[in-house]
Amino acid sequence: MDYRKRMEFLAGELLRHQHLYHVLTRPEIGDAEYDRLLDELLLLEKRFPQFASPNSPSRRIGSDLDNAFPERPHAVPVLSLDKLYRPEELGQWLLKTAAAAGSSVGFAIEEKIDGASIVLYYDRGELQYALTRGNGLLGNDVSDNVRTISQVPLRIDEPSRLAVRGEIYIKRGDFERYNSGVAEKYANPRNLAAGSLRNLKSALAARVPLNIFVYEGFFPVPSSGTFRAGPDIPGGGNAGRDHLEILQRLRELGFRVNPHLGFFSDDEAKRRRALQLFPDSTAAPLAAVEEYVRRQAAIRAEVPYDIDGLVVKVVEMDVRQELGTTAHHPRWAMAYKFDSPQAQSELLDVQVQVGRNGRVTPVALLRPVALSGSTVTRATLHNQDYIDMLELGIGDEVSISKRGDVIPAVEEVLEKSERHPGIYKLPGQCPFCRSPLLKEGAHHFCKNEACPERRRRALIYFCAKEQMDIETLGEKTIAFLFAKGWVQSPPDIYSFDASLLAGEEGFKEKKIARIRASIELSKSRPFARVLAALGFEGVAAAVAGDLIAHGLDTIDKIIAAAQKNDWQVFAAIEGIGETTARLLIGHFSKPENLQLIARLKAAGLKFAAEKTESERLNDSFAGQVWVITGSFAKFIPRSLAAEEIEKRGGRVSENVSSRTTHLLAGTSPGSKLAKAQKLGIVIVDESEFLARVHKNSSLRFVAK
Ligand code: IVH
């Protein structure tokens, strides 16, 4: 067999079926038949990787290798739109533009899709690159992620070079479903769509149900030099085609074009032709635009995806050419935005913060702007991915909102700065200790545990109200003690000589006495607080409480549990997952941490939970390991019995072993009973078990 030919055939067929299924929604074959073709192609690509095309349908599946997103120049100018916020303003703009162009001009009104902007470049019918908008001149190559989107044609029947602009978006319903299944929530569908395009692994991007609408085509793109739209491009270009015909051609080539379209012109023949090309569109004279725009704003929620406005475009290419562009915007198009921005500001700088666990957080320093009752000067930028998603650079004009009416957020770049084009990048080194910043997941980290900033942050956290609550050691005092070298880590708080403070400015005798007293008082904080104050990643108040409530109520027990080096020991506790369990093992077996604990213990801090009388009663099963077998009259399902054991500090395991202390045997107990008898394990039946449980009861199981 000619394998290369066979692979080409399979790839062609699969792409055709993908298009039939995802774009035209009229499949010709069933899933099983489709999978058979795909499996065959995958197998052949494994055997003959040299014949695999970069646009093979297998690329839809994505890869586990890290993406790089190199920057590439755009072959067409990727302009953004000027915007207006009121229908009357738009009506005026339209009349003015029509007057400048001659009255028979036509305008298309499209939905402004609230997603991530993308430019697709094709050459000889193959998708070559997919670039983000970037700064308009350079974009990031996100091709591998875009190739996973079934609605994006990987091959088209058009030999000349072609650029297509579009918007990648996710439907609201898909967004809710996706977000409910992930730990780090996305704020809105746009962030998820943009974030997915920048997913490091295309196999992960492939899992996000992304969609595309395309809205501009450039036929053909010159191979070098500046691109000029219009009829004078050698070889025809967009020549002879107006916007509607371009959209129509894109649709023919297999692209998804949004059918919700308005067409406005005072030329009746043009309106008739528009309705022929787009039978679902609205066609009306220019005077009807304001009414149309108001109506579209009112029904924006009727489409299953987010639209943040409408885009009005001159349809005739020669008129576009004539009107030209400003530095940033075409004069032949205008965005009408549904929601006015809450506030506009400028990104003055980015402050790089390093937390106690080394996590780096970029913070936007903004030109002060008033927003719902306060002055906003800062907003978190979360991480590099978020900055990339916004395509944000220093000097850019940005819109600011207040999420949930409290926390200010940078929503989008309104205008790129001309002074510093490009996107802000975090430094390669920690600004405080110069050690390299490493990326793990979405965040960068300073891995140097001796980093002065990390230590300072750890001290602040330790003393804060929620942890040890050492009132007199606020940020300023800590900074002072730290700079003096007197207090470098939490144990120093209990050992440094407070009399050294006498004579220092701002430390009168009375204040020193208060500091001493509040440090002393902090020794009475309960174990749960001390545990959280250690500041170990993943061990905040909630986890500390869970550990204690489940019998790991002294530091020695926790350390002993960690030494087993079995994450399931911790994960058996409700509220603790595998990730936290693994972190716990790491924290409580690290020599530095054990030394830190020992020093704090020596200082007199509480490293065991104090039990109330009732808690002690509830420990009646402590140290016991139970196995449950057979069926029961009252404990249906059996897990109810397990719950009663665990509530009283006992453990339940699946199989009888030398570690088992008790067997709870119901009717038809099976082989576990025999094994337990052989091992001399205490055997308890249901009524005896009820009696034991009753002895200390808040008994609440379902009696059937
Ligand atoms: S036309 C020069 N049409 O809105 C023409 N843009 O700044 C420029 N957008 O970056 C774009 N839907 O990401 C156009 N139907 C549509 C659009 C659309 C969404 C986005 C696009 C662009 C931004 C405008």
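Analysis parameters
The numbers attached to residues start from 1 for each chain and follow its sequence in the written order. This being a predicted model, a pLDDT of at least 70 is required before a residue's local features are given, and a value of 80 or more before pairs of side-chain atoms are given or counted; all residues contribute to the totals for chains, interfaces and linings. To obtain the side-chain values, all non-hydrogen atoms of the structure were included, while hydrogens and water were left out. pLDDT gives the predictor's per-residue confidence on a scale running from 0 to 100. Contacts are residue-level and defined by heavy atoms, with any inter-residue pair within 4.5 Å sufficient. Buried residues of nine kinds, namely Ala, Val, Leu, Ile, Met, Phe, Trp, Tyr and Cys, make up a nonpolar core once their side-chain atoms join them within 4.5 Å. We call a residue buried when its accessible area falls under 20% of the maximum for its residue type, exposed when it is over 50%, and partly exposed in between, using a 1.4 Å probe and counting protein chains only. Strands here are runs of E lasting at least two residues and helices are runs of H or I lasting at least four, both read from the DSSP assignment and numbered beginning at the N terminus. Given a helix with a known number of residues, its expected span is that number minus one, times 1.5 Å. Of all possible arcs, the one meant is that of the directions from the helix axis to the C-beta atoms. We treat two strands as partners when DSSP finds at least two bridges between them. The axes used here are C-alpha line fits, helices contributing only the stretch in contact, and every angle between their N-to-C directions lies in the interval 0 to 180 degrees.

Student: Sorry if this is basic, but what is going on with the confidence of the model for the protein chain here?
Tutor: If pLDDT is low for a region, its predicted coordinates should not be looked at in detail. Summarising the model, the protein chain shows a mean pLDDT of 88, and 94% of its residues fall at 70 or more. With pLDDT under 50 throughout, residues 224–236 is counted as low confidence; its partners more than four residues away or in other chains account for 18 contacts. This stretch, residues 698–704, has a pLDDT under 50; its non-local contacts, to residues over four places away or in other chains, come to 15 contacts.

Student: Honestly, the nonpolar core in this entry has me stumped. Any pointers?
Tutor: Most often, soluble globular proteins keep nonpolar side chains buried together rather than apart. Residues L120 and F255 are the most contacted members of the largest nonpolar core, which totals 73 residues. Within the second largest apolar cluster, 50 residues are counted, among which are L481, L531, L605 and F607.

Student: Where do I start with helix α3 (residues 87–101) in this structure?
Tutor: In an α-helix there are 3.6 residues to a turn, and that puts residues three or four apart on one side. Look at α3: 21 Å from first C-alpha to last across 15 residues, which is about the 21 Å you get at 1.5 Å a residue. Taken as a whole, α3 has its buried residues at P87, L90, G91, W93, L94, T97 and A98. Down the axis of α3, the smallest arc covering the buried residues is 165°, so these residues share one side. Counted as exposed and oriented over 90 degrees from the buried face of α3: Q92, L95, K96, A99 and A100. Where α3 is buried, its residues contact β2 (83–84), β3 (106–113), α10 (289–298), β11 (307–314), α11 (317–323) and β12 (333–337).

Student: What's the story with the sheet that holds strand β8 (residues 211–218) in this structure? I'm lost.
Tutor: Across a sheet, strands are paired by hydrogen bonds formed along the backbone, either parallel or antiparallel in direction. Read across the open sheet, the four strands follow the order β5-β4-β7-β8; overall the sheet is antiparallel. In the strand order of this sheet, the two ends are held by β5 (126–132) and β8, each with one partner. Sheet twist, expressed as the mean angle between neighbouring strand axes with direction ignored, is 30°. With seven bridges connecting them, strand β7 (residues 162–169) and β8 associate as antiparallel partners. Its bridge partner lying in β8, A163 is registered against F218.

Student: For this particular structure, what's the right way to read the environment of S668?
Tutor: Position of S668 among the secondary structure elements: in the loop between β22 (662–665) and α25 (671–679). Judged by relative accessible area, which is 65%, S668 ranks as exposed. Along the chain, S668 and F632 lie 36 residues apart, while their C-alpha atoms are 9.6 Å from each other.

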